[in-house]
Structures are given as structure tokens and as C-alpha cells.
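A look at the structure
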Number of protein chains: 2
Amino acid sequence: MEIPEKSIRIGYDKMKSEFFRILISVGFSEPNAERCAEIFTMNCADGVNSHGINRFPRFIMNTRQGFVKPEAVPSLIHEFGSLEQWDGNLGAGPLNAAFATDRAMEIADENGTGLVALRNTNHWMRGGTYGWQAAKKGFAFICWTNTCQNMPAWGAADPRIGNNPFIMAVPYKGEAIVIDFAMSQYSYGKLESMKSDGNKLPYPGGFNRQGQMTDDPGEILETWRVLPAGYWKGAGLSLLLDIMATILSGGLSTHQIHACSSEHSVSQVFIAFNISKLHNFPSIESSIHQIIEDLHKSIPVDSSSNIRYPGENVLRIRKKNLEEGIPVSSAAWEKIRNM
Amino acid sequence: MEIPEKSIRIGYDKMKSEFFRILISVGFSEPNAERCAEIFTMNCADGVNSHGINRFPRFIMNTRQGFVKPEAVPSLIHEFGSLEQWDGNLGAGPLNAAFATDRAMEIADENGTGLVALRNTNHWMRGGTYGWQAAKKGFAFICWTNTCQNMPAWGAADPRIGNNPFIMAVPYKGEAIVIDFAMSQYSYGKLESMKSDGNKLPYPGGFNRQGQMTDDPGEILETWRVLPAGYWKGAGLSLLLDIMATILSGGLSTHQIHACSSEHSVSQVFIAFNISKLHNFPSIESSIHQIIEDLHKSIPVDSSSNIRYPGENVLRIRKKNLEEGIPVSSAAWEKIRNM
């Protein structure tokens, strides 16, 4: 078992200003660096370092390599009613995705639903970011992305489909209920962190070199044969998400996206639903509250833990991290400081 | 092991005319009986007897009980741009769903996307039916339904969420690529048929009375503790699908729907995407074809079986069954003949 790295807590503002400094140094404008730094820092505040501080150095490297263009802005390719196609022009994934989310809400303001399909964009880091963004503005929201080939189809030995994260979000008490899940049972980030902590997975998460299902994250990282969530179900959903992202955006499909080491030019879909003018009784807020109240009445198998809705725990983590500082490994922080 | 029942093959027209006769006898009009009989028969032709001939007697019983109203037609409650709310008025689930699918496509014709949210409707039988319906007309399509409480939340012992089937479909070569999956790893229909055939599940599908995961379908049917597909992922997605169906339609949520023995008045969402006018290069047909060609290049783990896209096998089953007759158990057919 490897020894876990020392964890330290860094204040939100301090972390954000370091990200800002580095983003400026690679060519981002002040407003773009501000927004991008905010997204990376909030991902850490929400407990998702894998798509925050731990991923930031790679994001900067991809910018220096020219895969991420710091000054690119999305351009409108085609519009038809509530459906718009945009080209991300290889801009920063988080900025493009935040823009597309805002634009989908604007369309929905006029049109009931609003769909933005985005081609030639980049990794959006944490998909949940955009679910929270829309739901906090009062919209119901769905979005997804395709990825490079990082998962085998069901019954296959070689990775030809993506893990294509899918997000659904609804407003709740000024915050949100958000599900953000990749089509693999575990993300590569999770496998890596479980491996480096010397832990086994709670359930089998892929196949080893001998073709057997295993709960050893290191063995799975050797084969890239991660298990689709729900076996054939997650694999099938991944394929349909890729096809729909590709045809709606007119962008690249998983099999056309460059190797995962330099994944860029992905395709994404953002759909906002304007729920502010619907004809509902009781109110939407009350409907959701009743659903959550019923969920909370569940009898837990382990009597020491309660049943939570997706996103419920994030609120607790965020509050604590904003008050006490965001926990990161000292090595990760040192790396940022030296960039 | 129980002895499997004798299987016989019944021609499409013969089966459909029996369904038609019975539907007329419980109060359906000729056009409604025709459409409804067609949907039930096609489900069988596609190999889904669990939502065809095997479910038909219960559908008729629910009609006689007054849960399904044979002459009800959906009524428009509210419209706002590309988003419409309809009341199903407790009409037949398959007729209401087919109507909502058509209506979503009509809205998308004008508006790019079209969303119909349907309250107070009934079990739609097989969700894939509506995916095929829309994709064969050239639309990309998503729909889902909520259900009664038939699955525990992740970590819970009592069923408080639904298995809420989710469908995505796109056109392909005049037919369709369709994924149709419930949020439980196995449907109750599958558990029942595996149990009655004396088979174990290929992977664990739920928990037994001792709280252990099991591949014995009979043990799971005793507890109703079915396993969500992808564990916490399927459970979380189920909750979000229920919340969105409830708030978009203004209908009942899973916790408000009557006991599964008389499940009725469910909420559903249908979203059509008009892909006929998009700005794509290469063409949509060619994009999808390239994706499928790449998928088919997968190296199968079992060299005797090829990797297929969702719906690929349905086409083969349908062709054979339409040519040679639809295989059903003689007992199920006898039951229909005597109704």
C-alpha cells in the first residue's frame, strides 16, 4: 500500500488566484481567466479535485500544445427554432460549456426548451458544473459529452466507445439536485486515486489481463477494460449518447476523437427546460420537496447512514470547504505554485 | 427446474385479430383497437412477449377495472413554444404514448425540438415502441416514464423509487438504433421468466432475504430488492427521471402512483429532435454508418459472437417472426383465445 500524500487545506480565493495567474500566463484574457479559474476552484470546493486541481496542469499543457485555444469563442453555425448548432473553435472546454448552458437557457426563455449542440470543443472537466449552473437559475437541464475511446463495448476486448458523461439537474431550494455520471462504473480518475491509496473497489470495476472481472483498480488501469455501468446498459447508452452528440452538433464522434492522451475536439449537447411557466398543481418546488421527503423515509440497509439525493452531499462538502479551506495534496498544491 | 411450456408460432395477422376482437369487446373503438392491437402484436414480433401477449390479459383486466379508459383521448393543458403539457385522461398507455410521440414530432417539425410531457397516462408497455416510431420517421428521440415504487434507492432496503425506463433512438438505414432500458439491472418480467425457466441470472440482480446480492431470480422476487443498473448510478438516474417527468407533466410522481398491482396514472416525457435540417458534414446517415462500422470492428471476448448495436438483433428477430410466425407459449395463446 502506498502512503497517502499529505493533505492541506487551501482557501477558495487563494486557489482561484493561483489558477488565474497561470491562465493569464498562457494567454487567457482577464474575464476568461476569471471564469475558468472559478470553475476549476468550485470543482475542488465541491470535492472533485480530479476535475479541478489535479487536472489543471494537464489543461495548461493542452493549452500550451495548442489543443485548447485560450482566446477562441464559440460561433453559431445553424439555428432552427429551439435548436442551435455551435462551433467551439477548440476553446477551453469549461468556458465553451458554460456559454452553451447560458445559451440553452436563453433559447428556453423564449421557446420552452432550448438545445445547444456544440462541436469542436474540449473536455469540460466536471459535467455537473453545468447542471448546477442551469438548475440554480431555475431550469431543468440535461447535458452530455462524448469522449475519446476509453471503454470496450459490451462483450468486446478493445476500447471503442467513450464513457460519455451524462448529467441531469433540477432546481431545489435555491440549489440543485444533480446526477453526473460517466457510463463506466468508475472513472479513470477514481481508479487512479483508489490505486494510489492502495484500496480495492467496493464492487468489480473492470477486467484484468486474464479477462476476469476484478476489484483491483491497478489491474483495470493496465487493460483499459473498464466495466460499463449496468453492463450492456451503460455500453448501449454510451453509443446512443455519442451518436446523438455527433449528429446534433455535426462534430466528431468518439471513434474520430484523437487518442485519450491528447483528447480534443469533442461533441456536446445542452438542453434547458423552462419550467417557470408550466401548469402544475402543486407547485414544482412542492412536488420536488415531496419526492425528496419520501426518499428520505427509505430504510437504510446500514442504519448508520441515511439515504441521500444526488448532490445532497456536495452541499455539505462545499460548505465545509468554503469555510475551512479546500483539502488538496501538498504535492498537487506545490505543483500549481511552481507553474 | 420447471419444464418450459410448449412454444408454438402464431402468424402476425392472426395474433393481431385476436387482440383486436378482445379490445373491441371491452369498449375500444375500431381505430383505437386497431392501433392498440398493432402495438401489442409488434412487441411480440420484436421478441418482447413480456410487454405483448404475456401482459395483454392484465391490460384487459385493468380496462375492465376502470384504470384504463378505452375511449379517453389526451387533452392539451398548456403550451409554451416547443414544450407542451398534455393530460392522458387515463387512456390506454400505448395509444397515449404513440399520440405523444407523433405530437412531439409535429412540434419539432416547426420548432427544431418538440417536447410533450404527459400526465395521467398508463403503462406504455414497451418504451422502445415509441423510439422505433420516431426514428423510422427520421427523428432523433428520447422518452421516459416513471413507474410505481418497485426498486430501493441505493443503500435502502425498501422500494421507494421506480425502475423508470429510458429510451433513446436515432434513425439508421430506414430502421433505427434504439436503447430501451429500465433502471433496474433486470426487469421483473425477466426475473419471472428466468425463474420459471429454472435459470440463474448471468450477473447478480438483487438482494435476498439475508441482504446478500444474488443471481437467483426467485430470491429477488421475494424481496423486491432489485439491483439498480450501475448500483448508485441507476438509482440516481431513476430519481432524476421521476422528478423531471413529474414537474414537466405536472403529474404524479413515483411515490404517489398506486401500488404496482394496479399501477396507473403515470407521468411521461417525449422529446423529438428534428435532424433533417441540420448543418452537418458528412451527412447524418454517413456519420452514423461510420460509428456503427467502427463498433463492428470491436474484438469480441467470445470469438463466436459479434458486437452489435442496440436494436440490431431486434431486426433479425422481427424478420424471422414475421416470416415464420411469432413464438408464444401455448398456454399464453390459449388464454387469449378464451378471452
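None of these values were measured; they are calculated from a predicted model.

So, the sheet that holds strand β9 (residues 175-181) of chain A
Residue and element names in this part refer to chain A. Taken together, seven strands build an open sheet; the order of strands is β2-β3-β4-β12-β5-β8-β9 and the sheet is mixed. On the outer flanks of this sheet lie β2 (75-80) and β9, each paired with one strand and no other. Ignoring which end each strand starts from, the neighbouring axes of this sheet average 15° apart. When strand β3 (residues 83-87) meets strand β4 (residues 113-121), the two strands line up parallel, connected through five bridges. When the sheet's bridge partners are listed, Leu 83 is paired in β4 with Leu 115.

Overview of the packing of aromatic side chains
Under the defined criterion, the tally for this structure stands at 41 aromatic pairs over all chains. Considering the side-chain rings of Trp154(A) and Trp232(A), the 6.0 Å spacing of their centres and the 65° angle between planes classify their relative orientation as edge-to-face. Highlighted residues: Trp154(A) in the loop between β6 (151-152) and β7 (159-161) and Trp232(A) in helix α8 (residues 232-249), separated in sequence by 78 residues. Overall, Trp154(A) belongs to the partly exposed group, its relative accessible area being 26%. Centre to centre, the rings of Trp154(B) and Tyr231(B) are 5.5 Å apart; their planes meet at 40°, and the pair counts as tilted. Of this pair, Trp154(B) sits in the loop between β6 (151-152) and β7 (159-161) while Tyr231(B) is found in the loop between α7 (217-223) and α8 (232-249), placing the two residues 77 residues apart along the sequence. Given a relative accessible area of 7%, Tyr231(B) falls into the buried group. An aromatic cluster is present here, built from Trp144(A), Phe166(A), Phe181(A), Trp144(B), Phe166(B) and Phe181(B) joined pairwise through their rings. The ring of Phe207(B) carries Arg225(B) above its face, with NZ or CZ at 4.4 Å from the centroid. In this arrangement the basic side chain of Arg318(B) is found over the ring face of Trp132(B), its NZ or CZ atom lying 4.3 Å from the centre.

The rules behind the values
Residues numbered from 1 in each chain as written. Chains lettered and ligands numbered in written order. Predicted model: local features only at pLDDT ≥ 70, side-chain atom pairs only at ≥ 80, totals over all residues. Heavy atoms only, no water. Pairing = 2+ DSSP bridges. Helix = DSSP H or I, 4+ residues; strand = E, 2+ residues; numbered from the N terminus. Axes fitted to C-alpha atoms, helices over the stretch in contact; angles between N-to-C directions. Phe/Tyr/Trp six-rings, centres within 6.5 Å; stacked < 30°, edge-to-face > 60°. Buried < 20%, exposed > 50% of the residue type's maximum accessible area, 1.4 Å probe, protein only. Lys NZ or Arg CZ within 6 Å of the ring centre and 35° of its normal.

Just distances and angles here, no functional claims.
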